[in-house]
Amino acid sequence: MNAPRAARRRRPRWLVVGVVLWLAIEIAVLYAVAHLIGWGPALLVLLGLSFAGISITRHQLTGALRTWRQGGTRSRYGAETVVTPIDPGSVGGSAVGIAASVLMTVPGFVSAVVGALLLVPWVRRTVGRLLAGVVTARAVSVVAAVQQPTVPGQTSTGTDDVRNGLPIIEGEIVKE
């Protein structure tokens with residue numbers, strides 16, 4: 001019985017507050033637009049924005065898949081396999097494009113405007129570079145944490161042969 005309560009406490013409250021705040025802003029903007037142009041035209045514009053978002057999402061997904069496939073191509077040179085690295089900026093730009101199109105698909109004027117702004121090329125490149133930098137930094141910290149010794153009290157000296165925090169024991173394999 002304590003496990004569900006503990007899981008509830010770990011839930012990020014700022015996420016719940018953010019979603020509620022976003023919904024309140026979307027409803028307020030919808031009400032303001034409907035007050036200006038009427039409920040029928042406002043709902044038709046929302047429907048049109050959602051259909052545009054669906055079309056853009058399809059286009060962004062095919063472009064992202066093409067970019068990721070080209071970046072991760074493998075080629076063989078003799079006995080060696082060479083993997084072409086993926087440019088983090090292009091991956092970040094693709095992710096931003098997909099997020100922008102999904103924002104345009106969600107019914108709401110604010111999300112549609114934010115999604116349209118993220119589709120502007122220089123905004124998309126800038127946000128994509130920032131996203132790639134954050135993801136790269138996070139990946140490096142995760143890899144560094146994984147490579148730390150996990151045995152309590154174990155320390156390594158400079159003279160020991162150590163791999164991944166564990167001593168290397170030289171030996172010989174004998175087949176019988």
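Residues numbered from 1 in each chain as written. Predicted model: local features only at pLDDT ≥ 70, side-chain atom pairs only at ≥ 80, totals over all residues. Heavy atoms only, no water.

(A) The arrangement of the overall build of the protein in detail. What the protein contains, in helices and strands, is six helices and four strands. Ordered by position from N to C terminus, the α and β elements of the protein give α-α-α-β-β-α-α-α-β-β. Relative to its 176 residues, the protein shows a buried fraction of 18%. (Helix = DSSP H or I, 4+ residues; strand = E, 2+ residues; numbered from the N terminus. Buried < 20%, exposed > 50% of the residue type's maximum accessible area, 1.4 Å probe, protein only.)

(B) Highlighting a nonpolar patch on the surface. On the surface, a nonpolar cluster with roughly 630 Å² of combined accessible area is contributed by Trp 14, Leu 15, Val 19, Trp 22, Leu 23 and Ile 27. Counting through the fold element by element, Trp 22 comes out in helix α2 (residues 13–37). The partly exposed category is assigned to Trp 22, whose relative accessible area is 33%. (Patch = residues over 30% accessible without salt bridge, like charges linked within 9 Å, V, L, I, M, F, W, Y side chains within 5 Å. Areas by Shrake-Rupley, 256 points an atom, 1.4 Å probe, with all protein chains shown as cover. Salt bridge = Lys/Arg side-chain N within 4 Å of Asp/Glu carboxyl O.)

(C) The arrangement of the environment of Gly 53 in detail. For Gly 53, the location among the structural elements is in helix α3 (residues 39–71). Classification of Gly 53 by relative accessible area gives buried; the value is 0%. Spatially, the C-alpha atoms of Gly 53 and Thr 105 are 4.2 Å apart, while their sequence positions differ by 52 residues.

(D) Structural view of α2. Taking 1.5 Å of rise per residue, 25 residues should cover 36 Å, and α2 covers 36 Å from first to last C-alpha, within 8% of that figure. Buried residues of α2: Glu 26, Leu 30 and Ala 34, and no others. Looking at the residues trailing α2, positive phi occurs at Gly 38, about 100°. (Expected span 1.5 Å × (residues − 1).)

(E) The environment of Leu 61, seen in detail. Its place among the elements puts Leu 61 in helix α3. Owing to a relative accessible area of 39%, Leu 61 belongs among the partly exposed residues under this scheme.

(F) The confidence of the model for the protein, seen in detail. Of the residues in the protein, 64% reach a pLDDT of 70 or more, and the chain-wide mean stands at 76. Here strand β1 (residues 74–77) stands out as the element of the protein with the lowest mean pLDDT, 52, in contrast to helix α5 (residues 109–118), whose mean of 93 is the highest. (pLDDT = per-residue confidence, 0-100.)

(G) Highlighting the nonpolar core. Residues Leu 30, Ala 34, Ala 42, Leu 46 and Phe 109 constitute the largest nonpolar core, which totals five residues. For this core, the secondary structure elements donating two or more residues are α2 and α3. With residues near it in sequence (within four places) discarded, Ala 42 still touches Leu 30, Val 33, Ala 34, Ile 37 and Phe 109. (Core = buried A, V, L, I, M, F, W, Y, C linked by side-chain atoms within 4.5 Å. Contact = heavy atoms within 4.5 Å.)

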